[in-house]
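# Overview (structure and organization)
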Amino acid sequence: MVALRTGEIQRGTILFIFNPQLNETRCLRIDAIPQFHEGETKPYQVFSVFRDVTEQQRINEKLAYH
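First, a word on what this report is: a plain description of the structure on this page.

Definitions and cut-offs
- Residues numbered from 1 in each chain as written.
- Predicted model: local features only at pLDDT ≥ 70, side-chain atom pairs only at ≥ 80, totals over all residues.
- Heavy atoms only, no water.
- Helix = DSSP H or I, 4+ residues; strand = E, 2+ residues; numbered from the N terminus.
- Pairing = 2+ DSSP bridges.
- Axes fitted to C-alpha atoms, helices over the stretch in contact; angles between N-to-C directions.
- Contact = heavy atoms within 4.5 Å.

## Looking at the environment of Leu63
Within the fold, Leu63 resides in helix H2 (residues 54–65). Along the primary structure Leu63 and Leu4 are separated by 59 residues, whereas in three dimensions their C-alpha atoms are 36 Å apart.

Below, the structure is given as structure tokens:
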């Protein structure tokens, strides 16, 4: 939503989502790139990539506590 509102690329936004079926929280890294019609300055859509980085996040947390 930030990329769509501002027209600026957003990289590395972290989102934690609880999955009730697995009873666990997953960590997602989101990159969002706004798309523009030629000659316009307001984006009409955003191309987003979601990466599950849960295991990486868990390892980083363990390393931080040791």
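## Looking at the sheet that holds strand S1 (residues 10–19)
Spatially, 3 strands are ordered S1-S2-S3 in an open sheet, and the strand pairing comes out antiparallel. The outermost strands of the open sheet, each flanked by one partner alone, are S1 and strand S3 (45–52). Mean inter-strand twist for the sheet, computed between neighbouring axes without regard to direction, equals 30 degrees. Bridging between S1 and strand S2 (residues 24–35) involves 8 bridges; their strand directions are antiparallel. The residue of S2 that forms the bridge with Leu15 is Leu28. Of the strands in this sheet, S1, S2 and S3 are in contact with H2, which crosses S2 at around 120 degrees.

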